[in-house]
Amino acid sequence: QVQLVESGGGLVQAGDSLRLSCAASGRASSSYNMAWFRQAPRKEREFVAAITSSGVVMSYADSVKGRFTISRDNAKNTVYLQMNSLKAEDTAVYYCAASTIRAYYVSRNPTNYSFWGQGTQVTVSS
């Protein structure tokens, strides 16, 4: 199994940028499709971005397209989420997740991800 640890969250002002990191460890950690989800208080967990194990195919929620960029460095077993032009509505706990399914696409359904990090809080003030 893979273990995931997020970092990089914090309190920022609207318009600022943050870079989240998800350090993965465990057997074949670089072979998993990875994703970022977020969950705001009293709301369901929602898809943010995902990336295939190769790092070639990426997918983004409409709400973050053009502002967020997902990437991975398999040599470092780390997945990143670069967040630019942050808005107050981006405030949430951000989770990274790994999927064990063999696919050349990335799922937006959180139930398709088997391994999750503990989450990192992102708070954007206006």
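Residues numbered from 1 in each chain as written. Predicted model: local features only at pLDDT ≥ 70, side-chain atom pairs only at ≥ 80, totals over all residues. Heavy atoms only, no water.

Details of the overall build of the protein chain
Next up, step 1: A count of helices and strands for the protein chain gives zero helices and eleven strands.
Next up, step 2: Written out in order from the N terminus, the α and β elements of the protein chain read β-β-β-β-β-β-β-β-β-β-β.
Next up, step 3: Against the 2.2 N^0.38 benchmark of 14 Å for 126 residues, the protein chain shows a C-alpha radius of gyration of 13 Å, consistent with a compact globule.
Next up, step 4: Projected onto its principal axes, the C-alpha positions of the protein chain cover 40 × 25 × 25 Å.
Next up, step 5: Burial analysis of the protein chain (126 residues in total) assigns 44% to the buried set.
Next up, step 6: Restricting to contacts in the protein chain with at least 6 residues of sequence separation, those with at least 24 account for 58%.
Next up, step 7: Accessible area of the protein chain: about 6500 Å², with a carbon and sulfur share of 47%. (Helix = DSSP H or I, 4+ residues; strand = E, 2+ residues; numbered from the N terminus. Rg over C-alpha atoms; globule rule 2.2 N^0.38 Å. Buried < 20%, exposed > 50% of the residue type's maximum accessible area, 1.4 Å probe, protein only. Contact = heavy atoms within 4.5 Å. Areas by Shrake-Rupley, 256 points an atom, 1.4 Å probe, with all protein chains shown as cover.)

Structural notes on the sheet that holds strand E8 (residues 78-83)
Next up, step 1: If you trace the four strands from one edge of the open sheet to the other, you get E1-E3-E8-E7, paired in antiparallel fashion. Every interior strand has two partners, whereas the edge strands, strand E1 (2-7) and strand E7 (68-73), have only one. Shown here is a sheet whose adjacent strand axes are inclined to one another by a mean of 15 degrees, direction ignored.
Next up, step 2: Note that E1 and strand E3 (residues 18-26) share six bridges and pair antiparallel. Residue pairing across strands places Glu6 opposite Cys22, the latter belonging to E3. (Pairing = 2+ DSSP bridges. Axes fitted to C-alpha atoms, helices over the stretch in contact; angles between N-to-C directions.)

Considering the packing of aromatic side chains
Next up, step 1: Counting across every chain of the model gives six aromatic pairs.
Next up, step 2: Summarising the aromatic geometry, the rings of Phe37 and Phe47 are spaced 5.8 Å apart at their centres and angled 75 degrees between planes, so their arrangement reads as edge-to-face. Of this pair, Phe37 sits in strand E4 (residues 33-39) while Phe47 sits in strand E5 (residues 46-51), and the two are ten residues apart along the sequence.
Next up, step 3: Assessed through its relative accessible area of 0%, Phe37 is described here as buried.
Next up, step 4: Residues Tyr95 and Trp116 carry aromatic rings whose centres are separated by 6.5 Å and whose planes lie at 75 degrees to one another, so their mutual orientation is edge-to-face. Here the residue Tyr95 occupies a position in strand E9 (residues 92-99), and Trp116 occupies one in strand E10 (residues 115-116), the gap between them amounting to 21 residues.
Next up, step 5: Among the aromatic residues, those joined into a ring-pair cluster are Phe37, Phe47, Tyr95, Tyr113 and Trp116.
Next up, step 6: One residue, Arg19, lies across the ring of Tyr80, its end atom 3.8 Å from the ring centre. (Phe/Tyr/Trp six-rings, centres within 6.5 Å; stacked < 30°, edge-to-face > 60°. Lys NZ or Arg CZ within 6 Å of the ring centre and 35° of its normal.)

Remarks on the side chain of Arg67
Next up, step 1: Among the secondary structure elements, Arg67 is positioned in the loop between strand E6 (58-60) and E7.
Next up, step 2: A distance of 2.7 Å separates the side chain of Arg67 from the side chain of Asp90, its partner in a polar contact.
Next up, step 3: Apart from residues no more than four positions distant in its own chain, Arg67 is found in contact with Gln82, Met83, Asn84, Ser85, Leu86, Lys87 and Asp90. (Polar contact = N/O pair within 3.5 Å; in protein donor to acceptor, adjacent residues only side chain to side chain.)

Focus: the pairing of E7
Next up, step 1: Side chains Phe68, Ile70 and Arg72 project from E7 onto a buried face, and the interleaved Thr69, Ser71 and Asp73 project onto a face without burial.
Next up, step 2: Between the end of E7 and the start of E8, which pair antiparallel, lie four residues, with Asn77 showing a positive phi angle near 50 degrees.

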